[in-house]
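# Coordinates in review
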Amino acid sequence: TMASKPMMGEGEIDWTALNAKLPTGSDKASKARRKRLFESMDNGNGILSLAEVDKGIRDILAVDEIFNAKPAIMRAYQIAKNSTKSKFECGDDYIELKEFRYFLLSLRQYFEYWVAFCRTDKDGDRRIDRAEFCAARAKMEVWVGKIENVDAEFDKIDANGGGTILFDEFCEWAIAKNLDLEDDDDDIAM
């Protein structure tokens with residue numbers, strides 16, 4: 001059976017509204033909003049677990065598209081929690097306030113990769129097979145530039161040789177290719 005996934009066609013995500021909900025800027029107002037957001041997700045111990053982040057995305061940010069993009073949340077969480085050395089004994093397994101901006105920036109980027117992945121994964125099984133990849137060539141070339149040999153590119157991305165491209169493999173490729181969706185709003189405060 002096909003896995004259920006949100007449909008994420010062109011124009012279906014309000015990228016400007018999404019960016020506005022993620023206080024990623026380095027100005028005073030963004031820092032204050034980010035601290036309030038962190039504190040509203042935190043259970044009081046000064047660190048965020050994956051469960052707290054997940055709940056916060058659902059209840060506080062209220063962005064269903066991101067809440068339903070669990071692989072993007074997981075990638076952003078994993079990269080952010082290890083971005084600095086923790087002052088807490090168990091802190092390297094959690095996100096601290098000093099890592100929270102990096103988490104939000106990573107979340108936005110991995111969500112963009114998730115949307116691209118879903119637009120390519122036509123049957124919604126959370127894997128891109130060779131036929132789906134080949135069928136999406138023109139669309140992907142808008143995102144990453146010319147793909148000379150689509151079969152060779154597929155084989156390069158399919159790092160584990162499993163015959164399908166998994167989200168982690170897609171992310172590695174997307175990062176290396178500087179993937180950028182044509183319809184997203186890149187105006188996010190860095």
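The structure this text deals with has already been given above.
Here we summarise the structure given alongside this text. On a predicted model such as this, the values are computed, not experimentally measured, just so you know. (Residues numbered from 1 in each chain as written. Predicted model: local features only at pLDDT ≥ 70, side-chain atom pairs only at ≥ 80, totals over all residues. Heavy atoms only, no water.)

### Description of the pattern of salt bridges
Operational definition: Any Lys or Arg side-chain nitrogen located within 4 Å of an Asp or Glu carboxyl oxygen qualifies as a salt bridge. Every helix listed is a DSSP run of H or I at least four residues long, and every strand listed is a run of E at least two residues long, numbered separately from the N terminus. Residue burial is assigned from relative accessible area. The probe radius is 1.4 Å, only protein chains are included, and a residue is buried under 20% of its type maximum, exposed over 50%, and partly exposed in between.
Enumeration according to the criterion identifies 15 salt bridges in this entry. Residues R130 and D155 are paired through a salt bridge, measuring 2.5 Å at the closest nitrogen-oxygen approach. Of this pair, R130 sits in helix 7 (residues 130-135) while D155 sits in helix 9 (residues 150-157); the two residues are 25 residues apart in sequence, bridging distant segments of the chain. Among the residues examined, R130 registers a relative accessible area of 32% and is labelled partly exposed. On the basis of relative accessible area, D155 is assigned to the partly exposed category, the value being 43%. Between E141 and R137 there is a salt bridge whose closest N-O contact spans 3.3 Å. Of this pair, E141 and R137 are both found in helix 8 (residues 137-144), 4 residues apart, which corresponds to roughly one turn of the helix. Overall, E141 belongs to the partly exposed group, its relative accessible area being 22%. According to the relative accessible area criterion, R137 is partly exposed, its value standing at 24%.

### Points about the environment of A51
Tracing the chain through its elements places A51 in helix 3 (residues 50-61). A51 gets classed as exposed once you look at its relative accessible area, which sits at 56%. Placed 10 residues apart in sequence, A51 and M41 show a C-alpha to C-alpha distance of 9.6 Å.

### Brief notes about the packing of aromatic side chains
Basically, it comes down to this: Two rings from Phe, Tyr or Trp (for Trp, the six-membered ring) form a pair when their centres sit within 6.5 Å of each other. Planes less than 30 degrees apart are called stacked, planes more than 60 degrees apart edge-to-face, and all others tilted. A ring has a charge above it when a Lys NZ or an Arg CZ is no more than 6 Å from the ring centre and no more than 35 degrees off the ring normal.
The final tally for this structure, using the stated rule, is 11 aromatic pairs. Taken together, a centroid distance of 5.6 Å and an interplanar angle of 50 degrees make the contact between W15 and F111 tilted. With W15 in helix 1 (residues 15-21) and F111 in helix 6 (residues 97-120), this residue pair connects regions lying 96 residues apart in the sequence. This pair shows no difference in class: W15 is buried, exactly as F111 is. For the pair W114 and F167, a centre-to-centre distance of 5.1 Å together with 80 degrees between the ring planes defines the contact as edge-to-face. Of this pair, W114 sits in helix 6 while F167 sits in helix 10 (residues 167-177), and the two are 53 residues apart along the sequence. Owing to a relative accessible area of 6%, F167 belongs among the buried residues under this scheme. What links up through ring pairs into an aromatic cluster is the set W114, F117, F133, F154, F167, F170 and W173. Its end group placed over the ring of F67, K70 keeps NZ or CZ at 3.4 Å from the ring centre.

### Thoughts on the packing of helix 2 (residues 28-41) against helix 6
Definition in use: Axis geometry follows a simple rule: fit a line to the C-alpha atoms, using only the stretch in contact for helices, then measure angles between N-to-C directions, giving values from 0 to 180 degrees. Here roughly perpendicular refers to angles of 65 to 115 degrees, roughly parallel to angles under 35, roughly antiparallel to angles over 145, and oblique to all remaining angles. Contact definition: two residues touch when any of their heavy atoms are within 4.5 Å. Charged residues are taken to be Asp, Glu, Lys and Arg, nonpolar residues to be Ala, Val, Leu, Ile, Met, Phe, Trp, Tyr, Cys and Pro, and polar residues to be all remaining types, Gly included.
Viewed as axis vectors pointing N to C, helix 2 and helix 6 meet at an angle of 100 degrees, and their least axial separation amounts to 10 Å. It follows from the interaxial angle that helix 2 and helix 6 lie roughly perpendicular. Judged by residue contacts, R34, K35, L37, F38 and M41 of helix 2 engage L97, F100, R101 and L104 from helix 6. Here the contact of helix 2 with helix 6 is composed, by residue class, of 6 nonpolar, no polar and 3 charged.

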